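Close look at the chain arrangement
For reference, the chains in residue letters:
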Amino acid sequence: MILAVLLLLRHRFAWTFGIVVSAAEIVIILVKFVGFIKNPNIARTDPPAPEMINAFFNNTWFINKAFLLVFFIYLLIYLILPSTRTQFK
């Protein structure tokens, strides 16, 4: 939320903060993807949930992370463009 406000207001720290947040989020999501590939049953319930609920949870979790990964990659590319950097000085 802070990043969104800074970018909207074209604050002078928005560019740096955006680069840092985007890069950090990309790393975090990639680490989660590696964990998901190693163990796709990330839904941990006690007692164990029916298989259909686990499959639904895994699908929605994966779609959400894939969307966020694409978003933060796009934001990072956008912020790296020279024309964008000049807008935040």
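Quantities reported herein were computed from a predicted structural model and do not represent experimental measurements. Chains are numbered independently. Their residues run from 1 in the order of the written sequence. Local features are withheld for residues below a pLDDT of 70 in this predicted model, meaning they are given only at 70 or higher, and side-chain atom pairs are given and counted only at 80 or more; totals for whole chains, interfaces and linings count all residues. The basis for every side-chain value is the complete set of heavy atoms in the structure, and neither hydrogens nor water enter the calculation.

1. Quick notes on the overall build of the protein
- Of the regular secondary structure elements, the protein holds 4 helices and 0 strands.
- Within the protein, the proportion of its 89 residues that are buried is 27%.
- If you take every contact in the protein between residues at least 6 apart in sequence, the share linking residues at least 24 apart comes to 65%.
- Calculation of accessible area relied on Shrake-Rupley with a 1.4 Å probe; when residues are assessed, cover is drawn exclusively from the protein chains displayed. Surface exposure of the protein reaches about 6,700 Å², of which carbon and sulfur atoms provide 74%. What counts as a helix is a DSSP run of H or I of at least four residues, what counts as a strand is a run of E of at least two, and both are numbered from the N terminus. Categorising residues by exposure relies on relative accessible area from a 1.4 Å probe, with only protein chains included: less than 20% of the type maximum marks a residue as buried, more than 50% marks it as exposed, and the intermediate range marks it as partly exposed. Throughout, a contact is declared for two residues whenever any of their heavy atoms are within 4.5 Å.

2. Things to note about a nonpolar patch on the surface
- Each patch is built from salt-bridge-free residues with over 30% relative accessible area, joining like charges within 9 Å and nonpolar side chains (Val, Leu, Ile, Met, Phe, Trp, Tyr) within 5 Å. Just to be clear on terms, a salt bridge is a Lys or Arg side-chain nitrogen sitting within 4 Å of an Asp or Glu carboxyl oxygen. On the surface, M1, V5, L8 and L9 cluster together into a nonpolar patch covering about 520 Å² of accessible area.
- Position of L9 among the secondary structure elements: in helix α1 (residues 2–9).
- Classification of L9 as exposed rests on a relative accessible area of 62%.

3. Quick look at the packing of α1 against helix α2 (residues 14–38)
- Orientation is described by lines fitted to C-alpha atoms, with helices fitted over the stretch in contact, and by angles between N-to-C directions that extend from 0 to 180 degrees. Relative to each other, α1 and α2 sit at 145°, their axes nearing to 9 Å. Of the two possible hands of crossing, α1 and α2 adopt the one that is left-handed. Contacts from I2, L3, L6 and L7 of α1 reach α2 at A14, F17, G18 and V21. Here a crossing is called left-handed whenever its near helix is offset anticlockwise from the far helix by less than a right angle, and right-handed whenever the offset is clockwise.

4. What to know about the nonpolar core
- Within the largest apolar cluster, 16 residues are counted, with the highest numbers of intra-cluster contacts made by L7, L75, L79 and F88.
- Excluding anything up to four places from it in sequence, F88 contacts L7, R10, H11, R12, A14, W15 and L79. Among buried residues, the Ala, Val, Leu, Ile, Met, Phe, Trp, Tyr and Cys ones that are joined through side-chain atoms within 4.5 Å form a nonpolar core.

5. Some points on the packing of aromatic side chains
- For Phe, Tyr and Trp, where Trp contributes only its six-membered ring, two rings pair if their centres lie within 6.5 Å, and the inter-plane angle classes them as stacked under 30 degrees, edge-to-face over 60, or tilted in between. If you walk through the whole model with that rule in mind, you get 5 aromatic pairs.
- Aromatic side chains F36 and F62 sit 5.5 Å apart centroid to centroid with 35° between the ring planes, which places their arrangement in the tilted category. Residue F36 is found in helix α2, and its partner F62 is found in helix α3 (residues 51–80); the two are separated by 26 residues along the sequence.
- A relative accessible area of 12% places F36 in the buried class.

6. Observations concerning the environment of A66
- With respect to the element layout, A66 can be found in helix α3.
- Through-space distance from the C-alpha of A66 to that of F33 is 8.9 Å; in sequence the pair is 33 residues apart.

7. A few points about α2
- Between the first and last residue of a helix there are one fewer steps than residues, each counted as 1.5 Å, and that sum is the expected span. Between its terminal C-alpha atoms α2 stretches 36 Å, which fits the 36 Å expected from 25 residues at 1.5 Å a residue.
- Buried residues of α2: A14, W15, G18, S22, I26, I29, F33 and F36, and no others.

8. Some thoughts on α1
- Turning to α1, its buried residues number three or more, namely L3, L6 and L7. The buried residues of α1 occupy an angular sector of 95° when projected down its axis, which confines them to one face. Turned more than 90 degrees away from the buried face of α1 sit L8 and L9, all of them exposed.
- Of the residues flanking the end of α1, it is R10, one or two places downstream, whose phi is positive at about 55°. Throughout, the arc means that of the directions going from the helix axis to the C-beta atoms.

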